[in-house]
Amino acid sequence: MRIEQSVINEIKDKTDILDIVSEYVKLEKRGRNYIGLCPFHDEKTPSFTVSEDKQICHCFGCKKGGNVFQFTQEIRGVSFVEAVKELGERVNIKVDVGESGAQNQIASDDLMMIKMHELMEDYYHYILMKTVEGEEALNYLKSRGFTEELLNERKIGYAPDSSHFCHDFLQKKGYDIELAYEAGLLSRNEENFSYYDRFRDRIMFPLNNAQGRTVGYSGRTYKNQEPKYLNSPETPIFQKRKLLYNIDRARRTIRQKNELILLEGFMDVIKADQAGVKQVVASMGTQISQEHTSFIRKLTSNVTLLFDGDFAGQEATLKTGQSLLQEGMNVFVVQMPSKMDPDEYITKYGQEAFKNYLDHERKAFVLYKVNLHKDEIEHNDMAYEKYLKEITDDISLMQSGILQKKVLQDVSELFKVSFDSLINEVAMHSPQTPQNYSSQGTNFSTKPKQYTKKEDAERKLLKHFMFNKDVFLEFNEELEAEDFTNSQFQSIFNILHDYYAENDHYDLSTALLYSNQEGDREALISLENLLLNRNPYEHEVQDYLNIITENRNDETPESLNEKLREAARIGDLELQKYYLEKIILINKNRMK
Ligand SMILES: [Zn+2]
């Protein structure tokens, strides 16, 4: 399936790569470019660069990136055609990719598992909304404040009380039952190896990955069965340490508000989102993991914890807050009134009251922690010492100088020490600063590549070809791709041929469309950063050509002399003349 180049160009022109990348990466302006943490590899110092002028992005660490289509392909894990289609939808350009386009995707096991989940999602939803079997569950949900609109929006469903509902449906549709078991939709009887439905008589909440694909379920009982929530098991597509519930929907708001609110359970997320607080996510019943943190860090460095008001919620707040603080995040806490969770609060006081509450109750994590131990600090001298040490450590981890100062002020009162001595204490405790975090896991070399004289000539020649089509037209026939030592330069030379056959002016983001090889793209981008005089000096281009073609077919003056002697030995005059001319030409070029 081929999409018209003009359609691709139109979409590209109407799309700003900054908008697209910003949904995934927190960007800061640095000079002419924007820079942020790479969404493709784990890093603590930003190496992902976006150029607004050139409409490209590039990671200096893992080398991924490209134009807006290539970025979309990579980050969404879709084909080129799908990426064009998706970006087209954003700017209201319909791209007809036909059936073949969608089917072109690799039918990997992972994708099959996702398809099964999405197929069941529709079916479960239908059972809940439209059938007698789902009626009781539907009434229960409505009594819990789920409107029809919300049920449709979240595709909430109902798995009937049957051990073969999902099993039979998937089998009828021709899916591999073994794979459905691996996907966590079915369970297996280990005595006779028969398969049966994992989810029976449960309200089904689909769980999406960051790309918005359904990869698991949380099945809630409405009849006080155990467990209250039955989740999908760990599978290749559903991993709790990676999944953040609602991140696919919340991402944009998180970027806009530069804040992520972490809730304890996905039910709270649904309710808070419905109340208009959109930057909310929850982990699926696990501690916040390294993977979660490095994902969050790419969107924002401000995380607010909004856990339940009970003791367990308190403990979770302390643990999660501490680990996020250690990871260099700005951590805030909204403390719910005791024994209340956000869902209950909204039900009792309404959506507006909830939003107001959030706006008025955001405390720096360190202050939350101090307040929690206030009594001990005031009355137990042993605890006083312990917490003074702990809190000064925590303060030294804080990223915002302004907040640090505020917290110091508050804390100095509580600990009854002067502000200045507390500052000294903090400076003494100051452990590693997050800026000094080692960039483990990123063992790529950041040293600039060293080029040979010939490679240098090749780069500069290609750069002049890019600056000016006329230069290309004048000289390109003197060269063949094979003359380039570097295979990526060979590709670029070929790309330029194709490119200038259709375009008059070189433009990187369009040129990137002419190759799907990562190496080529990388080389194109690296050439873009090569600084060079825009107009060639006299003889400059010819000089490069000479250097590049000097050793054509490995013909060094020495080897040619060898051949000349051989021709003389056998008395071939034609051949002698041929080699002699070559030697003269090489020597002439060398004199220049
Ligand atoms: Zn990277």
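This is a predicted model, so every value here is computed, not measured.

Caption draft 1: Fine view of the overall build of the protein. The secondary structure content of the protein amounts to 29 helices and 17 strands. For the protein, whose C-alpha radius of gyration is 32 Å, the value lies well above the compact-globule estimate of 25 Å for 592 residues. With respect to the principal axes defined by its C-alpha atoms, the protein has extents near 105 × 75 × 50 Å. Taking as baseline every contact in the protein between residues at least 6 positions apart, the subset at least 24 positions apart corresponds to 62%.

Caption draft 2: Geometry of the packing of helix α22 (residues 453-467) against helix α27 (residues 540-549). Packing of α22 against α27 brings their axes to within 9 Å, and their N-to-C directions diverge by 140°. Comparing the axis directions of α22 and α27 gives the class oblique. Where α22 crosses over α27, the two elements pack in a sense that is left-handed. On α27, the residues touching K453, K454, A457, E458, K460, L461 and H464 of α22 are V541, Y544, L545, I547 and I548. For the contact of α22 with α27, the residue count by class is seven nonpolar, one polar and four charged.

Caption draft 3: Geometry of the sheet that holds strand β13 (residues 260-263). If you trace the six strands from one edge of the open sheet to the other, you get β12-β14-β13-β15-β16-β17, paired in mixed fashion. The sheet is open, and its two borders are formed by β12 (244-245) and β17 (362-364), each paired with just one other strand. Pairing geometry for strand β15 (residues 302-306) and strand β16 (residues 330-334), over four bridges, is parallel. Across the sheet, residue N302 finds its bridge partner in β16, namely N330. Sheet contacts for helix α14 (residues 311-326): β15 and β16; angle to β16, the most-contacted strand, approximately 160°.

Caption draft 4: Structural view of the UniProt feature "domain: Toprim" (unreviewed entry) in the protein. UniProt tags residues 258-339 as "domain: Toprim" (unreviewed entry). A helix fraction of 40% and a strand fraction of 22% characterise residues 258-339, whose end C-alpha atoms lie 29 Å from each other.

Caption draft 5: Summary view of unusual backbone geometry. Cis geometry marks the peptide bond from E226 to P227; its omega dihedral reads -10°. Locating P227 in the fold gives a position in the loop between β10 (214-220) and β11 (229-231). Despite not being glycine, F193 shows a phi value in the positive range, around 55°. Note on placement: F193 falls in the loop between β7 (186-189) and β8 (194-197). Its 8 C-beta neighbours within 10 Å are what place F193 among the exposed residues. Here the phi dihedral of K339 falls at roughly 65°; this positive angle occurs in a residue that is not glycine. Structurally, K339 can be placed in the loop between β16 and α15 (342-349).

Caption draft 6: Spotlight on the pairing of β10. Counting buried positions along β10 yields seven of seven residues, so the element is predominantly enclosed. In this sheet, β10 lies alongside strand β9 (residues 202-208) in antiparallel orientation, the contact comprising six bridges. From the neighbouring strand, N208 faces β10, where its bridge partner is T214. Counting the residues that bridge the hairpin from β9 to β10 gives five residues, and of these G212 lies at a positive phi of roughly 85°. Note that β10 and β11 share three bridges and pair antiparallel. Bridged to R220 within β11 is Y229.

Caption draft 7: Up close: the domain arrangement of the protein. If you check the domain split of the protein, you get domain 1 (5-103), domain 2 (109-231), domain 3 (244-367), domain 4 (373-435), domain 5 (453-549) and domain 6 (557-591). Computed over C-alpha atoms, the centres of domain 5 and domain 6 are 31 Å apart.

Caption draft 8: Summary view of the nonpolar core. If you look at the biggest cluster of nonpolar residues, it comprises 85 residues, and the most contacted ones within it are M204, Y245, L262, V269 and V281. Counting residues per element, this core draws most heavily on helix α6 (residues 109-130), at seven residues. Counting residues in each nonpolar core, the second largest holds 48 residues, with V68, V84, L496 and V541 among its members.

Caption draft 9: Representation of the sheet that holds strand β5 (residues 65-66) in the model. Strand order in the open sheet formed by five strands is β1-β2-β3-β4-β5, and the pairing between neighbours is antiparallel. The strands lining the two open edges of the sheet, one partner per strand, are β1 (28-30) and β5. Where β1 lies against strand β2 (residues 33-36), three bridges are found, and the strand directions are antiparallel. Within β2, the position partnered with E28 by the bridge is I35.

Caption draft 10: Main features of the pairing of β15. With respect to burial, β15 is a largely interior element, five of its five residues being buried. Side-chain alternation along β15 places N302, T304 and L306 on one buried face and V303 and L305 on a second face that is also buried. For β13 and β15, the ladder comprises four bridges, and the chain directions are parallel. In the strand pairing of β15, L263 is matched with L306.

Caption draft 11: Summary view of the environment of D507. Within the secondary structure, D507 sits in the loop between α24 (487-502) and α25 (508-511). A count of 15 C-beta atoms within 10 Å places D507 in the partly exposed class. Between the C-alpha atoms of D507 and Q55, which are 452 residues apart in sequence, the distance is 9.7 Å.

Caption draft 12: Structural context of the environment of Y34. Position of Y34 among the secondary structure elements: in strand β2. In sequence terms Y34 and F80 are 46 residues apart; their C-alpha atoms lie 25 Å from each other. If we skip the residues at most four places from it in the chain, Y34 touches L18, L27, E28, K29, V50 and E52.

Caption draft 13: Spotlight on the confidence of the model for the protein. In the predicted model, the protein carries a mean pLDDT of 87, and the fraction of residues at 70 or more is 93%. Low pLDDT, under 50, characterises residues 100-106; the stretch is placed with nine contacts to residues that sit more than four places away or in other chains. Counting interchain partners and residues more than four positions distant, the pLDDT-below-50 stretch residues 431-448 has 14 contacts.

Caption draft 14: Molecular detail of helix α11 (residues 247-257). Among all positions in α11, only I247, A250, R251, I254 and R255 are buried. On an axial view of α11, the arc spanned by its buried residues comes to 140°, and they lie on one face. Its buried side turned inward, α11 meets α2 (17-22), β12, β13 and β14 (280-283). Following α11 by one or two positions, N258 has its phi on the positive side, about 50°.

Caption draft 15: Looking closely at the environment of E121. By secondary structure assignment, the location of E121 is in helix α6. For E121, a count of 18 C-beta atoms within 10 Å gives the class partly exposed. The spatial distance from the C-alpha of E121 to the C-alpha of E133 is 16 Å, given a sequence separation of twelve residues. Other than its neighbours up to four places away in sequence, E121 contacts K155, G157, P206 and T214.

So, how was this worked out
- Residues numbered from 1 in each chain as written.
- Predicted model: local features only at pLDDT ≥ 70, side-chain atom pairs only at ≥ 80, totals over all residues.
- Helix = DSSP H or I, 4+ residues; strand = E, 2+ residues; numbered from the N terminus.
- Rg over C-alpha atoms; globule rule 2.2 N^0.38 Å.
- Contact = placed C-beta atoms within 7 Å.
- Axes fitted to C-alpha atoms, helices over the stretch in contact; angles between N-to-C directions.
- Parallel < 35°, antiparallel > 145°, perpendicular 65-115°, else oblique.
- Left-handed = near helix turned anticlockwise from the far one by under 90°.
- Nonpolar A, V, L, I, M, F, W, Y, C, P; charged D, E, K, R; others polar.
- Pairing = 2+ DSSP bridges.
- UniProt positions renumbered as here; feature names shortened; annotations may be inferred.
- Buried ≥ 20, exposed ≤ 12 C-beta atoms within 10 Å, placed from the backbone.
- Domains from an automatic or database assignment.
- Core = buried A, V, L, I, M, F, W, Y, C linked by C-beta atoms within 7 Å.
- pLDDT = per-residue confidence, 0-100.
- Arc of directions from axis to C-beta.

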